[in-house]
Amino acid sequence: NPPPTPECTIISPNGGEVLQMGDVATIKFNSDLTEDVALTLYKNGNFVSIINPAETNKDSSLWVVPNDGSLTVGVDYQIKIESVTDSTKYDFSDANFVIAPAGNYIIVTSPNGGEILLKGSTPQITWLTNMPATGTVKIDLYKNNVIHETIYGSQANDGSQGWGITADWWVNDGADYKILVESLSDPLAKDFSDHYFCLATNDNTENIIGDWNVNYTWLKGIYSAEFYTNHTWKYIEGPDTTTGTWNMLGNGLKFDFDLYDTYYLGIVDDNDMTGTMVGGGEGTWFANRVIPELITPNGGQVWIHGSTQTITWNPAIAGDIVISLADTTGVIQNIATVTGSLGTYNWTVPGTVIPGAAYRIRIAKAINDDAFDESEHFICIADDDVVDITGQWYMQGSWSKWETLWTFNGDGTFVNDLGSSGTWVLIGSGLRWDYASGTYYIGNVGVDVMSGTQVSSGGVPGAGWSGHRLLEVTAPNGGEFFQTGEPVVITWTENITSDYVKIDLYENDVFVRTLYSSTINDNDQSWTIPTDLVTSTKYKVRITSTTADIYDESDAYFTISGVAPAPAVEDETFDDGVADNWTAVEGTWAVADSVYTASSGTYNQSSAALDSSLTGNFVVEAKMKKTAGS
């Protein structure tokens, strides 16, 4: 049973006390030591000054709190007692106490620096004061040490006030905010937050896992920081490695050092961070996510199934990267995971990839696939089929609704009816054609159809286009008049490869019947108009390839004079001159002397003589002309 080890313990100030500058404070302690003890002052865990280098009194020591500017107002002070001969024997105040200025004072306690506050939340602004609660204070918000707005113009000086943080556009996300609480009766009684706090957006969460290049403006240095999923980080500074922990609220970030009292606040925006720091002074910093740089393919390439293609990137990248194939929806297939420093990978294009002209190669950091780079423009993956595209093609683009006639020549040149020309190359079924201006198109070609994407310095990069071989109805093409029983010759021009076409009849742009489900594609076909067709001025014929979705129809309506339509089933006879069972959607209806009149307002009227009774719902079509007035 050895005797207990002699100890020394701080009794007061031990946490929560307020000492004003100029006060004579009594530092109380217990000490079992036979030697002298030293009393020192700490702020935020850092040494500030020696209070008494060798105190022999066993229970207390008097201390005049300096009022000469050597101390700053703060809420994070502690006293340390320590043996002058054995540094292992010491004690700190259990909690922080406050050093306040002489006279009237206000000391902000929250937010006092390092907090992440979310816009839309209602935190408490708190402060200490020795002034009456019946007084009033003004509370201001500062950004980068410049007043941003007044939160409260006059509030009771009771030490606490809720703050509904607005989400309005003028309160930007930032890591450089402070609060000022100022007495309205004594302008000298005021205090700022000791350090910056952060205002962040709650629903704007970001993924920071991975590597970042961090630039500290006060040191003019760039270092690498790695953030991990377990909320730790590692910061590599020359030969030394510094570690710490991090947390995020919304898009607001705070990360602390394990070995220092330094911490950093920031706002994360996709691949960028900006913020402020506390520790060794206040400063600013910014960071950029480390993203691998893809070199090839960068767009416009045509790759066919079974070919081996080389993917390259900047090898100055640490860790593994994932190589993927992506389309407009995102990653559709992982190709490989390799060491980033290799800088190159050979990929044999599998036949399972669906031919298309909207693919990109993507490389991403394995630790976080948000850090990625991909081909600037689309590449084309095609079958190894041999296709002949020479001849005329009808082409249209989705971005400006253009329609033109293209002619692909056998010598690898093309021309269109707008006077543009260039060169083309076909690799398997993958097509690329280029203009002298730098615009190029890539796409896949079928037997009679093609489609793809384009890149243009003045157009819409990646916009879609499609085309098909020429098929054009030449007769009847609009304006003709026919009668039932009359023979008609349907003619067309084409260069499609299909041996057969389908011919359909439409009335008012609605399918009526198929005239020929499959007839030889020889540019003409005789047809006798059936006697059961009703009279209409809105007929068209449509001719469609039987092997591809290629069709054309009459440019305008033609007329067929046929039989009258059969009477409808009668629910309302109007024999009594009253429309008992008729319900109007709008307006009023009346029948008099077999004349059916509709009226909707003063200027909208129509009438018709009834040859038969009506039933059901009707669409009324009218032709009108202006007779007078406007």
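Analysis parameters
- Residues numbered from 1 in each chain as written.
- Predicted model: local features only at pLDDT ≥ 70, side-chain atom pairs only at ≥ 80, totals over all residues.
- Heavy atoms only, no water.
- Helix = DSSP H or I, 4+ residues; strand = E, 2+ residues; numbered from the N terminus.
- Buried < 20%, exposed > 50% of the residue type's maximum accessible area, 1.4 Å probe, protein only.
- Contact = heavy atoms within 4.5 Å.
- Areas by Shrake-Rupley, 256 points an atom, 1.4 Å probe, with all protein chains shown as cover.
- Core = buried A, V, L, I, M, F, W, Y, C linked by side-chain atoms within 4.5 Å.
- Phe/Tyr/Trp six-rings, centres within 6.5 Å; stacked < 30°, edge-to-face > 60°.
- Lys NZ or Arg CZ within 6 Å of the ring centre and 35° of its normal.
- Pairing = 2+ DSSP bridges.
- Axes fitted to C-alpha atoms, helices over the stretch in contact; angles between N-to-C directions.

(A) The overall build of the protein chain, seen in detail. Scanning the protein chain for helices and strands turns up 0 helices and 55 strands. Burial analysis of the protein chain (630 residues in total) assigns 43% to the buried set. Intrachain contacts of the protein chain at a sequence separation of at least 6 include 56% that bridge at least 24 residues. Roughly 31900 Å² of accessible area belongs to the protein chain as shown, and the carbon and sulfur atoms make up 50% of that amount.

(B) Fine view of the nonpolar core. In this structure, I490, L505, W527, I543 and I560 are the most contacted members of the largest nonpolar core, which totals 21 residues. For this core, the elements supplying multiple residues, two or more each, are β44 (471–475), β46 (487–494), β47 (500–507), β50 (536–545) and β52 (558–561). Once residues within four sequence positions are removed from consideration, W527 is found in contact with E486, P487, V488, I490, L505, L515, Y516, L533 and I560.

(C) Focus on the packing of aromatic side chains. Inspection of the entire model under this criterion finds 33 aromatic pairs. Ring geometry for W163 against F197: centres 6.4 Å apart, planes inclined by 80°, an arrangement best described as edge-to-face. You can see W163 sitting in the loop between β15 (160–162) and β16 (174–183) and its partner F197 sitting in strand β18 (residues 197–201), a full 34 residues away along the chain. When its relative accessible area of 5% is taken as the criterion, W163 is described as buried. Ring plane angle 85° and centroid distance 5.3 Å describe the contact between F414 and Y435, whose orientation is recorded as edge-to-face. Remark: Y435 occurs in strand β40 (residues 430–435) and F414 occurs in strand β38 (residues 413–416); sequence separation between them is 21 residues. Across the pair, Y435 and F414 agree in class, each one buried. A cation over an aromatic ring shows up here: R362 above the ring of F372, its NZ or CZ 3.9 Å from the ring centre.

(D) Geometry of the sheet that holds β44. The strand order across the open sheet formed by 3 strands is β44-β46-β49, and the pairing between neighbours is antiparallel. Only two strands of the sheet have a single partner each, and these edge strands are β44 and β49 (524–528). Along the sheet, successive strands turn relative to each other by an average axial angle of 25°, direction set aside. Pairing of β44 with β46 involves 4 bridges; the strand directions are antiparallel. Across the sheet, residue E472 finds its bridge partner in β46, namely T493.

Nothing here speaks to function; it is all geometry.
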